[in-house]
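Coordinate inspection notes
Each chain, written out:
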Amino acid sequence: MYKVMLIDDEDNLHAAIEKLLVQSGYAFCGAKDGETGLALLADEKPDLLLLDVMLPGINGFDLCRRIREAGRRIPIIFLSAKTDIVDKSIGFKAGGDDYVTKPFNATELLLRIEANIRRHKDTLEFARCCNREGVARIGELEVHFDEYQVFVKGKPVPLTTKEFEIVAFLASNPGKVFTRSQIQEYIWGEGEADVKTNSITVFVRKIREKIEENPSEPKYLLTVQRVGYKMTDKVEG
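Residues numbered from 1 in each chain as written. Predicted model: local features only at pLDDT ≥ 70, side-chain atom pairs only at ≥ 80, totals over all residues. Heavy atoms only, no water.

To continue, consider the overall build of the protein chain. If you tally the helices and strands in the protein chain, you get nine helices and twelve strands. The buried share of the protein chain, reckoned over its 237 residues, is 44%. In the protein chain, the share of contacts with a sequence separation of at least 24, taken over all contacts with a separation of at least 6, comes to 56%. (Helix = DSSP H or I, 4+ residues; strand = E, 2+ residues; numbered from the N terminus. Buried < 20%, exposed > 50% of the residue type's maximum accessible area, 1.4 Å probe, protein only. Contact = heavy atoms within 4.5 Å.)

If you want it as structure tokens, here you go:
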């Protein structure tokens, strides 16, 4: 079941959208201002966000920008009233994915939600694996998903955010091989122009220098020749 979150200050809209979504098989959560919404976003980890543009306090565009700067790739659909003077290009530049104008047709809203979830399905699956709670243990390597930390032999490893996300993604799928292009798409998003696949090779080298006893003979983050990389599912010896 996918979870949809609404950030909007209208009580009636919350009630109407919650009813619509629950009847359509979605889970729902909501907030009525930006700061509360940011906290709830971290706690609830929804799969899609409906975000009002004209919020009290921080507006929807600025909130979207903060969400993207924090590294969250959740699909975001902006809600704006017909009477709002909105430059939609600002929303897209801030990281929004779609717009729906209020008042909206229920069927159209559901179709937009379904389309965005379908378009971002791989991203959502990655987000779910990286939003895992608990710990993955592979030999003496521990990945603490909810704390964004990696330990080797009980000692913390100083990984950058992107390094951790690569490790977390591979550790969530031990034994499964991913190409450099697949890793790039999962971490940075499809079509990110300023990230090249050979950057993944550099990230892997840096990660190995931090987690492997002998980076030239890795036992955790393995290369599969002519294919890509995988996290081992069993450490020998």
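Before going further, it helps to examine the UniProt feature "modified residue: 4-aspartylphosphate" (unreviewed entry) in the protein chain. Mapped onto this numbering, the UniProt entry annotates "modified residue: 4-aspartylphosphate" (unreviewed entry) at Asp52. As for its position among the elements, aspartate 52 is in strand β3 (residues 48-52). Once you skip the residues sitting within four places of it in the chain, aspartate 52 turns out to touch Ile7, Asp8, Asp9, Gly60, Leu79 and Lys102. (UniProt positions renumbered as here; feature names shortened; annotations may be inferred.)

Where charged atoms from two side chains of opposite charge come close, those side chains can pair. Summed over the entire model, instances satisfying the criterion amount to 15 salt bridges. Lysine 32 is the partner of aspartate 11 in a salt bridge, and the nearest nitrogen-oxygen pair spans 2.4 Å. In this pair, aspartate 11 is assigned in helix α1 (residues 11-23) and lysine 32 in the loop between β2 (27-31) and α2 (34-44), connecting sequence segments 21 residues apart. Bridged by salt links that share partners, the residues Asp8, Glu10, Asp52 and Lys102 form one connected network. (Salt bridge = Lys/Arg side-chain N within 4 Å of Asp/Glu carboxyl O.)

The four strands are arranged β6-β7-β8-β9 in an open sheet whose pairing can be described as antiparallel. Strands with a single pairing partner mark the edges of an open sheet, and in this sheet they are β6 (135-138) and β9 (155-157). With strand direction ignored, the average angle separating the axes of adjacent strands in the sheet is 25°. Where β6 and strand β7 (residues 141-144) come together, four bridges link them in antiparallel fashion. Bridge pairing in β7 places arginine 137 opposite glutamate 142. Together, β6, β7 and β8 (149-152) form the strand contacts of helix α7 (residues 161-171), whose direction differs from that of β7 by roughly 105°. (Pairing = 2+ DSSP bridges. Axes fitted to C-alpha atoms, helices over the stretch in contact; angles between N-to-C directions.)

What follows deals with unusual backbone geometry. With an omega of -5°, the peptide bond running from lysine 102 to proline 103 counts as cis. Relative to the helices and strands, proline 103 resides in the loop between β5 (98-102) and α5 (106-119). Of note, lysine 153 is a non-glycine position whose phi angle comes to about 55°, a positive value. Within the secondary structure, lysine 153 is located in the loop between β8 and β9.

The geometry of α1 relative to α5 is characterised by a closest axis approach of 11 Å and an angle of 60° between their N-to-C directions. α1 and α5 meet at a crossing whose hand is right-handed. Contacts from Ile17, Leu20 and Leu21 of α1 reach α5 at Ala106, Leu109, Leu110 and Ile113. Of the residues that constitute the contact of α1 with α5, the class distribution is seven nonpolar, no polar and no charged. (Left-handed = near helix turned anticlockwise from the far one by under 90°. Nonpolar A, V, L, I, M, F, W, Y, C, P; charged D, E, K, R; others polar.)

Structurally, threonine 232 is set in the segment after β12 (228-231). Overall, the relative accessible area of 7% leaves threonine 232 in the buried class. The spacing of threonine 232 and lysine 219 is 13 residues in sequence and 7.2 Å in space, taken between C-alpha atoms. Residues in contact with threonine 232, not counting those within four places in the same chain, are Ile138, Pro174, Gly175, Lys219, Tyr220 and Leu222. In this structure the side chain of threonine 232 is engaged in a polar contact, spanning 2.8 Å, whose partner is the backbone oxygen of lysine 234. (Polar contact = N/O pair within 3.5 Å; in protein donor to acceptor, adjacent residues only side chain to side chain.)

All right, on to the side chain of histidine 144 then. As for its position among the elements, histidine 144 is in strand β7. Residue class for histidine 144 comes out buried when judged on its relative accessible area of 13%. A distance of 3.1 Å separates a polar atom in the side chain of histidine 144 from a polar atom in the side chain of glutamate 142. Among all residues touching histidine 144, those that are not within four sequence positions of it are Gly134, Val135, Gln149, Phe151 and Phe164.

With parallel pairing, the five strands of this open sheet are ordered in space as β2-β1-β3-β4-β5. Each having just a single partner strand, β2 and β5 make up the two edges of the open sheet. Sheet twist, expressed as the average angle between the axes of neighbouring strands with direction ignored, equals 20°. Bridging between strand β1 (residues 3-7) and β2 involves five bridges; their strand directions are parallel. Bridge pairing in β2 places methionine 5 opposite cysteine 29. Sitting on the sheet, α1 touches β1, β2, β3, β4 (76-81) and β5, and the angle it makes with β2 is about 165°. Helix α3 (residues 60-69) rests against β1, β3, β4 and β5 of the sheet, and its axis sits at about 175° to β4.

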